[in-house]
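Listed below, chain by chain, are the residues.
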Amino acid sequence: MAKNKNNQAIWSTRIKDVSSIFQKVGSSIDIDKRLYKEDILGSIAHVDMLFKQKIISFKIKNKIIYGLQKIEKEIVKKKFIFNKKHEDIHMNIEKRLFEIIGEDAGYIHTARSRNDQVITDLKIWIKNSNKEIVINLNKIIKSTLKIAEKNVETIMPGFTHLKNAQPISLAHYFMAYIEMFRRDKKRFNNNLENLNESPLGVAALSGTSFNIDRNYTAKRLGFNNPTNNSIDTVSDRDFVLDFLFSISVCSMHISRIAEELIIWNSEGYNLINLSDKVVTGSSIMPQKKNPDLLEFLRGKTGTAFGNLFSMLTILKGLPLSYFKDLQEDKELIFKSNDTLINCLKILDEILKNFSPNKKKMYELADSGFITATDLADYLVRNHSMSFREAYQKTAEIVNLAEKKKKKLRELKLEDLKKIEPNLTTEVLKIFILKNSVNSKKSYGGTSFENIKRMIFKYKKNL
Ligand code: ARG
């Protein structure tokens, strides 16, 4: 029997002289060692199955499991020496298994390949990561809900084109972000359907001649069922794209809220104050308190998008089955994942460390003829006009206010009557911001009642 030579690559019988530069760049161990837990879990399920199917003996199975558990402890205690020569986590573990239990380690790779092994590990890893991301998203939703609860009656201008549009509640504004983060949660959870198909046992690309039980390993590893086609299985990285896409969308949401808060924090707007916990200073301008962390969040979105595009590009034009190109996936996954988790934690910290400048929000809302639509609606309801006619009348009233350098609410009834003679004092109520906000009672609108109902609903669903 050919003996395994420990300090040599597994393929050293065939390949004699690998250039050192290739050994250096071809190794992925520095990155994929993060998969050690999943790899050992997969290997234990695999050998249990091999024994159950009478492919290996009870004794060998137990020896292998003993060795794998010892390896896990060594890695946890940082006593394991990762060797670049053995390329990746799968072969590093296999090599160490030989050292611990001897030649019986040679049975572990029966009926599998690194091609199915690596995606089994990755799918388990991404499933766990999904859970961590969702936990962090829940924290953000909770912090946002706290802001909403305190600000149901905080009135601010709602903008379109960054120009005053209609008055809204600050709570309603933040709850828009809750909707985005809830969709993110759903997006990550939806990915589980593909992640729950087990690749293990498709071996290199064509399946195996051993009588394995893929349903058994699937169930053991928390998958729902085995994948259907061995060639597709080793070629498929759609689940990686799903993950990177979900991260990108979530990052984009974070970036939007970050940008919003950066604008609101500027002296021009002055709608929020950031506490010292989340700002930084300048090396030259002593007065500065800069929203660096928010900018960090916005900037990191570029990394997330870049990683998604890298993966799409790697897959584009790649013929079926395994190619080394695919090894790039892990670096992208880990980088995107770690960055997102960091960003979610930072955003949560920022949400807990800012306060709205309510007075300034109200003042800003009280400008730009923000209740013009309310007036048009009023004319439709009370003076039997079509919306388009009411719109034109209101535009004339806005022109008048602009000419007189007055707010709509500062116009006198007689001014208004010049344009619509049937108006009575009742119309003046229309210009009160609170009335405007509260009138938006349609489902999903900004009325205080709606908001309170939604807060209750979100809390129940957390
Ligand atoms: N380290 C490899 C990767 O991450 C594992 C699969 C290797 N398979 C192969 N045929 N070289 O992609």
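Everything below is about the structure printed above this text.
The rules we used
Residues numbered from 1 in each chain as written. Predicted model: local features only at pLDDT ≥ 70, side-chain atom pairs only at ≥ 80, totals over all residues. Heavy atoms only, no water. Helix = DSSP H or I, 4+ residues; strand = E, 2+ residues; numbered from the N terminus. Rg over C-alpha atoms; globule rule 2.2 N^0.38 Å. Buried < 20%, exposed > 50% of the residue type's maximum accessible area, 1.4 Å probe, protein only. Near = heavy atom within 4 Å. Polar contact = N/O pair within 3.5 Å; in protein donor to acceptor, adjacent residues only side chain to side chain. Areas by Shrake-Rupley, 256 points an atom, 1.4 Å probe, with all protein chains shown as cover. Pairing = 2+ DSSP bridges. Patch = residues over 30% accessible without salt bridge, like charges linked within 9 Å, V, L, I, M, F, W, Y side chains within 5 Å. Salt bridge = Lys/Arg side-chain N within 4 Å of Asp/Glu carboxyl O. Axes fitted to C-alpha atoms, helices over the stretch in contact; angles between N-to-C directions. Parallel < 35°, antiparallel > 145°, perpendicular 65-115°, else oblique. Left-handed = near helix turned anticlockwise from the far one by under 90°. Nonpolar A, V, L, I, M, F, W, Y, C, P; charged D, E, K, R; others polar. Expected span 1.5 Å × (residues − 1). Phe/Tyr/Trp six-rings, centres within 6.5 Å; stacked < 30°, edge-to-face > 60°. Lys NZ or Arg CZ within 6 Å of the ring centre and 35° of its normal.

Asker: Can you lay out the overall build of the protein for me, pointing to particular residues and giving the numbers?
Answerer: The number of helices and strands found in the protein is 19 helices and 6 strands. What you see for the protein is a C-alpha radius of gyration of 31 Å, clearly larger than the 23 Å of a compact globule of 462 residues, by over 25%. Its C-alpha atoms give the protein principal-axis dimensions of about 105 × 55 × 40 Å. Counting over 462 residues, the protein shows a buried share of 50%.

Asker: Any chance you could break down the site of the ligand for me, citing the residues and the numbers?
Answerer: Around the ligand sit Ser 28, Asp 32, Asp 88, His 90, Arg 114, Asn 115, Val 118, Tyr 322, Gln 327 and Lys 330, and that is every residue in its neighbourhood. Between the ligand and Asn 115 there is a distance of 2.8 Å, counted from a nitrogen atom to a side-chain nitrogen or oxygen. Gln 327 is positioned with one of its side-chain polar atoms (N or O) 3.0 Å from a nitrogen atom of the ligand. Its free accessible area being 340 Å², the ligand has 85% of it covered by the protein chains. Residue contributions to the shell around the ligand peak at 3 residues, all from helix 6 (residues 114–150).

Asker: Give a detailed account of the pairing of strand 2 (residues 163–169), specifying residues and quantitative values.
Answerer: Pairing between strand 1 (residues 155–160) and strand 2: 6 bridges, direction antiparallel. Each residue of the ladder has a partner; that of Met 156, found in strand 2, is Ile 168. Counting the residues in the hairpin turn of strand 1 and strand 2 gives 2 residues, including His 161, whose phi is positive at 55°.

Asker: If you had to explain a nonpolar patch on the surface to someone new, which residues and values would you point to?
Answerer: Together, Ile 15, Val 18, Ile 21, Phe 22 and Val 25 make up an exposed nonpolar region whose accessible area comes to about 460 Å². Relative to the helices and strands, Val 18 is located in the segment before helix 1 (20–26). Of the residues examined, Val 18 reaches a relative accessible area of 32% and is grouped as partly exposed.

Asker: An account of the environment of Gly 306 is requested, with residue identities and associated values reported.
Answerer: As for its position among the elements, Gly 306 is in helix 12 (residues 292–315). Spatially, the C-alpha atoms of Gly 306 and Leu 332 are 9.1 Å apart, while their sequence positions differ by 26 residues.

Asker: Can you tell me about the packing of helix 11 (residues 238–265) against helix 12, naming the residues and giving the values?
Answerer: For the pair helix 11 and helix 12, interaxial distance at closest approach is 8 Å and the crossing angle is 155°. When the axes of helix 11 and helix 12 are compared, the pair comes out roughly antiparallel. The two elements helix 11 and helix 12 meet at a crossing, and its hand is left-handed. Grouping the amino acids of the contact of helix 11 with helix 12 by side-chain chemistry returns 18 nonpolar, 5 polar and 3 charged.

Asker: How would you summarise helix 3 (residues 36–52) if you had to cite specific residues and measurements?
Answerer: Counted at 1.5 Å a residue, the expected span for helix 3 with its 17 residues is 24 Å, and the 24 Å between its end C-alpha atoms agrees. In terms of burial, helix 3 is largely enclosed, as 13 of its 17 residues are buried. Downstream of helix 3 by one or two residues, Lys 54 has phi in the positive range, about 60°.

Asker: Explain the packing of aromatic side chains to me, and be specific about the residues and the numbers.
Answerer: Using the criterion set out here, one finds 9 aromatic pairs in the structure. Their ring planes at 80° and their centres at 6.4 Å tell us that Phe 174 and Trp 264 sit as a pair that is edge-to-face. With a gap of 90 residues between them, Phe 174 in helix 7 (residues 170–190) and Trp 264 in helix 11 connect regions that are remote in the sequence. Accessibility assignment for this pair places Phe 174 and Trp 264 in one class, buried. Here Phe 188 and Phe 243 contribute two aromatic rings whose centre-to-centre distance is 6.3 Å and whose plane-to-plane angle is 70°, an arrangement assigned as edge-to-face. Pair noted here: Phe 188 is in helix 7 and Phe 243 is in helix 11, with a separation of 55 residues, a long-range link. Comparing Phe 188 with Phe 243, the two get one shared label, buried. Chaining the aromatic ring pairs together yields one cluster made of Tyr 173, Phe 174, Trp 264 and Phe 354. Arg 34 extends its terminal NZ or CZ atom over the ring of Phe 334, reaching a point 4.5 Å from the ring centre.

Asker: Can you lay out unusual backbone geometry for me, pointing to particular residues and giving the numbers?
Answerer: Note on backbone geometry: most residues besides glycine have negative phi, and most peptide bonds are trans. The residue Glu 87 is not glycine, and still its phi comes out positive at about 60°. Tracing the backbone shows Glu 87 in the loop between helix 4 (58–76) and helix 5 (89–101). Classification of Glu 87 as buried rests on a relative accessible area of 11%. Of note in this structure, Ser 321 is not a glycine but carries a positive phi near 85°. Looking at where Ser 321 falls in the secondary structure, it is placed in the loop between helix 12 and helix 13 (329–351). By relative accessible area, Ser 321 is classed as buried at 14%.

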